[in-house]
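# Architecture at a glance
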Amino acid sequence: MDDILSLAANNLVSPIILSFALGVLAALARSDLSIPEAVAKGMSIYLLFAIGFKGGVSVADHGIDGTLGLSLLAGIILSFALPLIAFGLLQFMSKLSRLDAAAVAAHYGSISIVTFVAATSVLESSGIASEGHMVAVAAAMEAPAILSALWLVSRGSSGQRMDNDLMREILLNGSIVLLIGAFFIGWATGPAGLAEIESFIVAPFKGVLCLFLLDMGLVAGRGLREGGGVMRPGLLAFGVLMPVIGSVFGLGAGLLLGLSTGGVVLMMVLSASASYIAVPAAMRVALPEAKPSIYLTLSLGVTFPFNLTIGIPLYLAVAQFATGG
Amino acid sequence: MDDILSLAANNLVSPIILSFALGVLAALARSDLSIPEAVAKGMSIYLLFAIGFKGGVSVADHGIDGTLGLSLLAGIILSFALPLIAFGLLQFMSKLSRLDAAAVAAHYGSISIVTFVAATSVLESSGIASEGHMVAVAAAMEAPAILSALWLVSRGSSGQRMDNDLMREILLNGSIVLLIGAFFIGWATGPAGLAEIESFIVAPFKGVLCLFLLDMGLVAGRGLREGGGVMRPGLLAFGVLMPVIGSVFGLGAGLLLGLSTGGVVLMMVLSASASYIAVPAAMRVALPEAKPSIYLTLSLGVTFPFNLTIGIPLYLAVAQFATGG
Amino acid sequence: MDDILSLAANNLVSPIILSFALGVLAALARSDLSIPEAVAKGMSIYLLFAIGFKGGVSVADHGIDGTLGLSLLAGIILSFALPLIAFGLLQFMSKLSRLDAAAVAAHYGSISIVTFVAATSVLESSGIASEGHMVAVAAAMEAPAILSALWLVSRGSSGQRMDNDLMREILLNGSIVLLIGAFFIGWATGPAGLAEIESFIVAPFKGVLCLFLLDMGLVAGRGLREGGGVMRPGLLAFGVLMPVIGSVFGLGAGLLLGLSTGGVVLMMVLSASASYIAVPAAMRVALPEAKPSIYLTLSLGVTFPFNLTIGIPLYLAVAQFATGG
Amino acid sequence: MQTHDAKRVEITIEAVMQKRLTDAIEAADVTGYTVLPVLGGSGRSGGWSREGQISRASGMVQVICIIRPEMVDALLDAAFAVVDRHIGVVSVCDCQVLRAERF
Amino acid sequence: MQTHDAKRVEITIEAVMQKRLTDAIEAADVTGYTVLPVLGGSGRSGGWSREGQISRASGMVQVICIIRPEMVDALLDAAFAVVDRHIGVVSVCDCQVLRAERF
Amino acid sequence: MQTHDAKRVEITIEAVMQKRLTDAIEAADVTGYTVLPVLGGSGRSGGWSREGQISRASGMVQVICIIRPEMVDALLDAAFAVVDRHIGVVSVCDCQVLRAERF
Ligand SMILES: Nc1ncnc2c1ncn2[C@@H]1O[C@H](COP(=O)(O)O)[C@@H](O)[C@H]1O
Ligand SMILES: Nc1ncnc2c1ncn2[C@@H]1O[C@H](COP(=O)(O)O)[C@@H](O)[C@H]1O
Ligand SMILES: Nc1ncnc2c1ncn2[C@@H]1O[C@H](COP(=O)(O)O)[C@@H](O)[C@H]1O
Ligand code: NA
Ligand code: NA
Ligand code: NA
């Protein structure tokens, strides 16, 4: 218990978390501090490329794990299933319309790659190894949740919400393609490839993550300032409860699959985290009547900071306890 | 004396200065070389974050210095006072209107953070230590000069120029918030935090500074090409004389406070340098009738290059002589 | 022969080539993956600055080579002459109008700096030295080809296509100025200057090149998707044959000049590569009726990938054979 | 200089819908359009600004079509089918163009 | 398709004044506007271009409001109070809009 | 509020031609213009988008001039001389402006 607290405390004073906090505070104070959109997108491309590449190299290094296929399958099932739980919970805890509830649910089935990146960086600092192919699991979990949510909506109404264009957009959205592509590049080039570009994708990684989280903090803070009004207590509670519930499912899946301690942590983090890029874009196309102020504020303003500060150390402690690692 | 000259010569062939010169030449030759606005802003965010963070770490490292509070106070007083001197000098040396003179004066009371960054980088190369908290002094000196200038104007006319919105904008402008925020993050996480992101904020620092100065050179060169016409001899002389006068006040303050040699240099540099970001923005809001072609050309086209090339080595030599260091 | 194949194979699984391939695939699959224009331009500025600087440092290091002047002259002659060959070949192999053929020819006389950069990075990995001043040759070869092409057009019609403005734009275009400027900065500051900014311009270089080639792949892929229709077999064959022919001229020049093995490779690469930045821009001004879909698709969609994957290892093998190095 | 009557249609719409809108426009035989970036805005669904975005979701663009007057109805019908359930504004004004052969 | 008469007001103004202008617009009960980025321009106070800027100072933006004709005067008064001492241009043209219920 | 009749000329043209166009405009004694960035578009010479560009070649910009009605012909002649062989669109519409002394 002491360990958890000290890890949590340690985590809280890391430059990464403090950069996020700085962003939130600056936005709440209405500072005009902002990171240009192009630079923020450039940093996210860097982070996706680096995390995918390193995952691939680790697979090349340790040989392909028997659990890869099963992990992918587990991830896909979780991504399909978690929105149903989220939806049920929302109908119980909040007064959201069916449409808004489905849109929110989609976000919680999908994943936040930055939360994943932050977790790998905590694992690294703690010297805990994890399966490189978890990166592929992350990519696999991005999309299925959207289908679940659209199914939830279509049960209620008529109206075809999904077309082939949208399906292609979701499956081939930039972050999935980059993550998977970099994963294969890392896999194909292996440690020799890593050696070539190590001083670009490994050494500065944490620093870029700091600036990226500064930007996320700015965006989250602005969201809270403007959309904070819609955050009824029930919704707020959902934003904290749902990741914990998700993490329990992730824990179960990780243990069933026999993943390493680090792998279990990452599976918990993926299940616990909520999307704020791919899913919102899909929702604007498929469910334009659902309110972004609700799903974005919840995902980015509540769940993301919760996971970043309390969630990750908590999941790590639980995973260590459960795997005895 | 030889030492000064050789240091100045050394300084002049550094990649940093030459990059600035390249930018000026390219702009004067009307090359279409340009750095995208977003990238330039991204680099300035990087530089502010890095310089603030390192300042904070140095405070964490060496303990909080008794001079912190007094240094801040001295900085604030200098920032309030220097515009009055600049204003008097301008009325004597130039034919600027009261309004234009006040606007120019505001720039010279405030500071140029890139000049500060260039100076720290010269100190580092020369192995001279300085107080980490000078970063906080830099932040504190950004704004007061604006108030002095508005006071100078309001004495002459009626018309309320300052409102609460503007006050908040000035005090919470992005660069102040980022500098101070990064300073506190560095302070909180200390050397351990630095170790985590060192290869991002320390190793590539000088290289980024080169590209950033290339951009500054491009902007300054364009300014000289277009606004050079307004540069009467009196104004030009002011642009070189005022930083020297400012540096003398900085020297006095630094010696009174008992700062280290490096600290005295930085105090001189802050006093000598002129703003070209925060103050121009505030002037556009509060004194829209003042001509940007005058204050920007003077600050960015004359004083900035003077400080970068001759000023910094000069202030360093004087400070070494004065502190015996 | 085995060596060539294994080098080619090795080259093909490098992160650099695979990143390019990822970009092409993503674009062909209509993924929305894209790199912001500002970030791509920022990376190209970084690459130009780094390659120019390193070239200059190498000249400072090894002393100025007697071949510098002659190499520049050879480069300029090649750039003037290759369009004539390309134009003749096009009239023979394709049904392009005189205007389109001249526009395409201009691209093949000029150079692709990224192909040059990729070649230096292959040389480095293979531990083969080259003359630092080849960077200056690259810059010198950018523009003359444009004049040849305009001359080819004006022979056919009346109409003055070149004016002073255009001439200045071509000679002072951003990439030439930056390349040459960084070359001189590197030369002036030498190894000491390099040491100061090494961890910015050397260590992360290959990684940045990966992301830049990812972007080039995206652009080339989009070009192929949209402009692929115009690619008749004759044109396609030209896009592969012309670089090989160019490389033979480059080989001859390199041997005549007595360049090192690495220098010969770079001379071949410059002659073989086709412009896709400076020349297209000049064509839009001077020959607006020429179709960008033809010259851009050919240069970026056919010749660039050919050089990147097959060309560079081929030229290297030939140069090693010819110089006995 | 000889000019011709035309209409200028300006459609402000979410960036995620841009491709769908321009596809619909092209299907309605409109031969040209220009897309402008939008920095921010405000409407019934509240305010937004590009610097407050983390993704392409909820950013907007402005699509401008200069068309012959007799094409306006076809264009508006096509645009409306796409814009319908989505936020955004469509406005039309009279203008004159040079080079009518161009569109 | 059914359209409604409206006015399109276009205000080109310094970026530092954007927030003040949109606040004033909102205070005048205008329910919607769109902000476009501006790359550069020229006027009585000389030329400028975004690539020549090092800060948000002296960059400009364009604010576009589509409003009911009877609201024009209130909007212009509100805008003028902000723009008055500052550089910039305000123009108004007639247009038609779809979906009048939207604004 | 007192307004004055004016014309709003909108020229969509390749970015490489921008400087030549604005030089020509200024030579025709037009005292002000604003340049907007363009994200993409489509016309007789096909579609393009800024994310598909690797260079400034083939990107476009939009130049907007608000001028006195009697200046339109001079402006159009000057613009046409530049735009002539190049791709792009020129349109003109009526508008009202505040502060006529400004232009
Ligand atoms: N009356 C208007 N004038 C100009 N732009 C508008 C107007 N109403 C809405 N918009 C734009 O359309 C977006 C969505 O508007 P709405 O559908 O009303 O939320 C806003 O963010 C503005 O960019
Ligand atoms: N007549 C005009 N047409 C279009 N834009 C203009 C005009 N006059 C001024 N502008 C814009 O407003 C800015 C400031 O103009 P000014 O106040 O005349 O210096 C210029 O940089 C242009 O962007
Ligand atoms: N009818 C039109 N309406 C709006 N923009 C147009 C139109 N026609 C052409 N454009 C713009 O002008 C560019 C070149 O057109 P074009 O010369 O027809 O190839 C296109 O990419 C569009 O950005
Ligand atoms: Na999840
Ligand atoms: Na100062
Ligand atoms: Na060539």
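Before any of the text, the structure's been laid out above.
Note that the structure is predicted; figures quoted are calculated from it, not measured.

Time to look at the side chain of B:Lys54. All names here are of chain B. In this fold, Lys 54 is placed in helix α3 (residues 37-62). Although buried, Lys 54 forms no salt bridge, and the nearest oppositely charged side chain, Glu 124, lies 4.8 Å from it. Sequence-distant contacts of Lys 54, that is, excluding residues within four places in its chain, are made with Ile 201, Val 202 and Phe 205.

Right, let's get into the coordination of the sodium ion (ligand 6). All names here are of chain C. Bound to the sodium ion (ligand 6) on the protein side are Tyr 108 (O), Ser 110 (O), Leu 270 (O), Ser 271 (O) and Ser 273 (O), at distances that span 2.4 to 2.8 Å. Mapped onto the sequence, the donors of the sodium ion (ligand 6) take the spacing Y-x1-S-x159-L-S-x1-S. Residue Ser 110 is located in the loop between α5 (98-109) and α6 (113-125), and its partner Ser 271 is located in helix α13 (residues 261-272); the two are separated by 161 residues in the primary sequence. For the pair shown, Ser 110 and Ser 271 are each scored as buried.

Let's shift gears to the site of ligand 3. With respect to spatial proximity, 18 residues lie near ligand 3, and among them D:Thr34, D:Ile66, F:Arg44, F:Ser45 and F:Trp48 are the closest. More than a single chain frames ligand 3: its nearby residues are located in chains D and F. Between ligand 3 and the protein, one listed contact pairs an oxygen atom with a backbone N or O atom of D:Tyr33 at 3.4 Å. Contact between ligand 3 and F:Ser42: an oxygen atom at 3.3 Å from a main-chain N or O atom of the residue. For ligand 3, whose accessible area on its own is 480 Å², the fraction buried by protein is 97%. Looking at the shell around ligand 3, the elements with two or more residues in it are β2 (33-37) and β5 (60-67) of chain D together with β3 (40-43) and β6 (88-97) of chain F. Tallied by class, residues from the shell around ligand 3 come to 9 nonpolar, 7 polar and 2 charged.

As a further point, take the site of ligand 2. In the vicinity of ligand 2 lie 18 residues, with E:Arg44, E:Ser45, E:Trp48, F:Thr34 and F:Ile66 positioned nearest. Two or more chains meet at ligand 2, and those chains are chains E and F. Within the contact set of ligand 2, an oxygen atom lies 3.0 Å away from a side-chain nitrogen or oxygen of E:Trp48. In the environment of ligand 2, a nitrogen atom lies 2.8 Å from a nitrogen or oxygen atom belonging to the backbone of F:Ile66. When residues of the shell around ligand 2 are traced back to their parent elements, those giving at least two are β3 (40-43) and β6 (88-97) of chain E together with β2 (33-37) and β5 (60-67) of chain F. Of the residues belonging to the shell around ligand 2, the class tally is 9 nonpolar, 7 polar and 2 charged.

Another aspect to go through is a nonpolar patch on the surface. A cluster of nonpolar side chains, A:Leu70, A:Leu73 and A:Ile77, forms an exposed patch at the surface whose accessible area comes to about 300 Å². You can see A:Ile77 is positioned in helix α4 (residues 67-93).

Residues and elements named next belong to chain B. In the first shell of the sodium ion (ligand 5), the protein supplies Tyr 108 (O), Ser 110 (O), Leu 270 (O), Ser 271 (O) and Ser 273 (O), at 2.4 to 2.8 Å from the metal. Within one chain, the residues donating to the sodium ion (ligand 5) are spaced in sequence as Y-x1-S-x159-L-S-x1-S. Residue Ser 110 is located in the loop between α5 (98-109) and α6 (113-125), and its partner Leu 270 is located in helix α13 (residues 261-272); the two are separated by 160 residues in the primary sequence.

The next thing to look at is the relation of the copies chain F and chain D. Take chain F, turn it by 120°, move it 0.0 Å along the axis, and it overlays chain D with an RMSD of 0.0 Å. Accordingly, the operation relating the two chain copies is best matched by a three-fold axis. For chain F, the residue whose C-alpha comes nearest the rotation axis is F:Pro37, separated from it by 4.2 Å.

A word on the pairing of β2(D). Two faces belong to every sheet, and in a regular strand the side chains alternate between them. With 5 of 5 residues buried, β2(D) is to be regarded as a mostly interior element. Burial along β2(D) is two-sided: D:Tyr33, D:Val35 and D:Pro37 facing one way and D:Thr34 and D:Leu36 facing the other are all buried. In this sheet, β3(F) lies alongside β2(D) in antiparallel orientation, the contact comprising 3 bridges. Across the sheet, D:Tyr33 pairs through a bridge with F:Ser42, a residue of β3(F). The pairing of β2(D) with β5(D) spans 4 bridges and is antiparallel. Note that in β5(D) the partner of D:Leu36 across the bridge is D:Gln62.

A few words on the relation of the copies chain B and chain A. In screw terms, the move from chain B to chain A is a rotation of 120° and a rise of 0.0 Å along the axis, fitting with an RMSD of 0.0 Å. In this assembly, only 8% of the residues forming the interface of chain B have copies in chain A that are likewise at the interface, indicating a heterologous arrangement.

All right, on to the interface of chain B and chain A then. Each side of the interface is counted separately: chain B has 24 residues, and chain A has 25 residues. The interface formed by chain B and chain A contains 1 salt bridge. Two residues, B:Glu196 and A:Lys206, come together in a salt bridge whose shortest N-O distance is 2.8 Å. Remark: the boundary between chain B and chain A carries 6 residue pairs in polar contact (both at pLDDT 80 or more).

Pairs of packed helices are described in terms of their axes, by the angle between the two and the distance that separates them. All names here are of chain B. As a packed pair, α3 and helix α10 (residues 174-201) sit with axes 5 Å apart at the nearest point and diverge in direction by 70°. Accordingly, the angle class assigned to the pair α3 and α10 is roughly perpendicular. Of the two elements, α3 crosses α10, and the hand of that crossing is right-handed. Across the contact of α3 with α10, the residue classes tally to 21 nonpolar, 8 polar and 2 charged.

Each α-helix winds once per 3.6 residues, and so residues spaced three or four apart point in a common direction. All names here are of chain C. Along its 14 residues, helix α2 (residues 15-28) runs 20 Å from first to last C-alpha, staying within 8% of the 20 Å computed at 1.5 Å per residue. Summarising burial for α2: 11 of the 14 residues are buried, a large majority. Arg 30 lies just past α2 and shows a positive phi near 60°.

Residue and element names in this part refer to chain F. Judged by how many residues are buried, strand β1 (residues 4-14) sits mostly within the fold: 8 of 11 residues are covered. Pairing between β1 and β6: 10 bridges, direction antiparallel. Within β6, the position partnered with His 4 by the bridge is Val 97. Relative to β5, β1 is paired through 8 bridges, and the arrangement is antiparallel. Bridge pairing in β5 links Lys 7 to Ile 67.

Counted under the stated rule, the structure contains 31 salt bridges over all chains. In this structure, the salt-bridge partner of D:Arg50 is A:Glu37, at a minimum N-O distance of 3.0 Å. Residue D:Arg50 is located in the loop between β4 (46-49) and β5, and its partner A:Glu37 is located in helix α3 (residues 37-62); the two belong to separate chains. The salt bridge partner of D:Lys19 is D:Asp23, with a shortest N-O separation of 3.0 Å. Here D:Asp23 and D:Lys19 lie together in helix α1 (residues 18-27), a separation of 4 residues that amounts to about one turn. Judged by relative accessible area, which is 46%, D:Lys19 ranks as partly exposed. Judged by its relative accessible area of 33%, D:Asp23 is partly exposed. The structure contains a network of salt bridges with shared partners spanning D:Arg8, D:Glu10, E:Arg8, E:Glu10, F:Arg8 and F:Glu10.

Right, let's talk about the interface of chain F and chain D for a bit. Residue-level contacts link 26 residues of chain F with 23 residues of chain D. Interface area, chain F with chain D, both sides summed: about 2,000 Å², of which 57% is carbon and sulfur. On the chain F side of the contact with chain D, F:Leu39, F:Ser42 and F:Arg44 bury the most area, a combined 24% of that side's loss. The tally of links between chain F and chain D comes to 1 salt bridge. With its nearest N and O atoms 2.8 Å apart, the salt bridge here joins F:Glu10 to D:Arg8. Summed over the shared surface of chain F and chain D, the number is 6 residue pairs in polar contact (both at pLDDT 80 or more). Of all the secondary-structure elements, those providing two or more residues to the side of chain F that touches chain D are β1, β2, β3, α2 (72-83) and β6 of chain F. When its residues are assigned to classes, the side of chain F that touches chain D shows 11 nonpolar, 9 polar and 6 charged.

A word on the environment of F:Ser49. Residues and elements named next belong to chain F. Relative to the assigned elements, Ser 49 resides in strand β4 (residues 46-49). Each C-alpha atom, one on Ser 49 and one on Val 72, is 31 Å from the other, the two residues being 23 residues apart in sequence. Once residues within four sequence positions are removed from consideration, Ser 49 is found in contact with Leu 39 and Gly 40.

Here is what the cut-offs are and how they apply
Residue positions are counted from 1 within each chain, in the order its sequence is given. Here the convention is simple: chains get letters from A, ligands get numbers from 1, in the order in which they are written. Per-residue local features of the predicted model are confined to residues with pLDDT of at least 70, and side-chain atom pairs are confined, for both listing and counting, to 80 or more; whole-chain, interface and lining totals are unaffected and use all residues. Just so you know, side-chain values use all the structure's heavy atoms and leave hydrogens and water out. In DSSP terms, a helix is any run of H or I states spanning at least four residues, a strand is any run of E spanning at least two, and both are numbered starting from the N terminus. Exposure is judged per residue with a 1.4 Å probe applied to protein chains only, and the accessible area is read against the type maximum: over 50% gives exposed, under 20% gives buried, and values in between give partly exposed. Note on charges: Lys and Arg go in the positive column, Asp and Glu in the negative column, and His and the chain ends are not counted at all. Here, a salt bridge means any Lys or Arg side-chain nitrogen found within 4 Å of an Asp or Glu carboxyl oxygen. Any pair of residues with heavy atoms lying within 4.5 Å of one another is described as a contacting pair. Listed donors are limited to N, O and S atoms within 2.8 Å of the metal, widened to 3.2 Å for Na, K and Ca; water is not among them, so incomplete-looking sites are possible. The near set for a molecule or strand comprises every residue that places at least one heavy atom within 4 Å of it. Residues adjacent in sequence count toward polar contacts only when both atoms are side-chain atoms; beyond that, a polar contact is any pair of N or O atoms within 3.5 Å, and within protein one must be able to donate a hydrogen and the other to accept it. The accessible surface values rely on the Shrake-Rupley method and a 1.4 Å probe; as for residues, cover is taken only from the protein chains in view. Side-chain classes follow a simple rule in which Ala, Val, Leu, Ile, Met, Phe, Trp, Tyr, Cys and Pro form the nonpolar group, Asp, Glu, Lys and Arg form the charged group, and the remainder, Gly included, forms the polar group. Nonpolar side chains (Val, Leu, Ile, Met, Phe, Trp, Tyr) are joined into patches within 5 Å and like charges within 9 Å, using only residues with over 30% relative accessible area and no salt bridge. When the copies are superposed, the least-squares fit draws on C-alpha atoms of residues that have pLDDT of at least 70 in both. Pairs of strands are assigned from DSSP output, requiring at least two bridges between the strands. Note on method: axes are straight lines fitted to C-alpha atoms, helices fitted across the in-contact stretch only, with angles between N-to-C directions ranging 0 to 180 degrees. What sets the label is the angle itself: under 35 degrees gives roughly parallel, over 145 gives roughly antiparallel, 65 to 115 gives roughly perpendicular, and the rest give oblique. For a crossing to be left-handed, the near helix must be turned anticlockwise from the far one by less than a right angle; the clockwise case is right-handed. To estimate how far a helix should reach, multiply one less than its number of residues by 1.5 Å. In short, buried area is how much 1.4 Å probe accessible area vanishes from two parts on joining, totalled over both.

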